[in-house]
Amino acid sequence: MKKLLYVFTLSLLFSCHNQAQNIPEQQEVINAEPVEVPLEDGKAKAYFASGCFWCVEAIYESVNGVDEVISGFSGGHTDDITYEKSHSGRTGHSETVEVIYDPEVVSFATLVDVYFGSQNPTQVNGQGPDKGSQYRSIIFYQNDEQKKIIEEKKTALAKELDATIAAEIYPFQKFYPVPAYHQDFEKRNPNHSYVRAVSIPRLNRFKAKFPHLLKEEAKDKH
């Protein structure tokens, strides 16, 4: 009886956290035309959701050709987004990073390789200990070329692993940065318990896998 009650409660919780992904407003987001962000001073922007943005920000900031990474939210159907509202699971948003990069140094395709190579690509609605629709994996495309790159890499990875890849593919619409407290969190809080237990180990796994993509100053850290 206790086991049945546990399963029911877990199912109910899972359902509540994912209801935003099944409503008409969210389908409109998924089916929308992508918004293309223009180059600024020769720099491009790309958007990725892959679990906690503290982790993902640190990973992309270690990549050669990346100038800056900003944490925030994207992918949902509401405009008045806050950290608390997103984590209710009812806004459709996922923790997302904005990657500002030099396309002459690192390509969008390589950033997608970084994305898939720095996560558990089969984990649904979360990464590691962070679970819920607000932590789900999403890759955002801004044009047909980017969408094709993402789809081809996702298909190839599914074949390689013989598994379903959890990442959703969304047209980019809008990015909502979070307050300064969350920006560069790992860098500013190296002794934070979550950073030491989750974020730094995840970064180190990525660095060991892709040493050729790292900035010189990122090679010896951690």
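Note that the coordinates shown come from a computational prediction; the quantities given were computed from them, not determined experimentally. Think of each chain on its own: its residues are numbered from 1, step by step along the sequence as written. Note on the predicted model: pLDDT of at least 70 is required for a residue's local features to be given, and 80 or more for side-chain atom pairs to be given and counted; whole-chain, interface and lining totals, by contrast, use all residues. For side-chain calculations, the full set of non-hydrogen atoms in the structure is used, while hydrogens and water are omitted.

A. Region of the structure containing the packing of helix α3 (residues 53-61) against helix α8 (residues 193-209). Only the stretch in contact is used when fitting a helix axis, every axis being a line fitted to C-alpha atoms; angles between N-to-C directions are given from 0 to 180 degrees. Strands are runs of DSSP state E lasting at least two residues, helices are runs of H or I lasting at least four, and both sets are numbered from the N terminus onward. Interhelical geometry of α3 versus α8 gives an angle of 35° and a closest axis separation of 9 Å. As α3 runs across α8, the sense of the crossing is right-handed. Together, W54, C55, V56, A58 and I59 of α3 and Y194, V198, S199, R202, L203 and F206 of α8 make up the contact between the two elements. Basically, the charged four are Asp, Glu, Lys and Arg, the nonpolar ten are Ala, Val, Leu, Ile, Met, Phe, Trp, Tyr, Cys and Pro, and anything else, Gly included, counts as polar. Of the residues that constitute the contact of α3 with α8, the class distribution is nine nonpolar, one polar and one charged. By convention the crossing between two helices is left-handed if the near helix lies anticlockwise of the far one by an angle smaller than a right angle, and right-handed if it lies clockwise. In what follows, residue pairs with any heavy atoms lying within 4.5 Å of each other are defined as contacts.

B. Region of the structure containing the sheet that holds strand β7 (residues 168-171). Paired strands, in this sense, are two strands between which DSSP finds at least two bridges. Strand order in the open sheet made by the six strands is β7-β6-β1-β3-β2-β8, with mixed pairing throughout. Whereas interior strands pair on both sides, the edge strands pair on one side only; in this sheet they are β7 and β8 (176-177). Pairing between strand β1 (residues 44-49) and strand β3 (residues 94-101): five bridges, direction antiparallel. Bridged to Y47 within β3 is E98. Docked against the sheet, helix α5 (residues 108-117) engages β1, β2 (66-74), β3 and β6 (138-141), running at close to 20° with respect to β1. Helix α6 (residues 144-161) rests against β6 and β7 of the sheet, and its axis sits at about 150° to β6.

C. Structural context of the packing of α5 against α6. Two elements in contact, α5 and α6, have axes separated by 10 Å at closest approach and are oriented at 35°. The chirality of how α5 crosses α6 is right-handed. The segment α5 lies against α6, with F108, A109, V112, D113 and F116 engaging Q146, I149, I150, K153, K154 and L157. For the contact of α5 with α6, a count of residues per class yields seven nonpolar, one polar and three charged.

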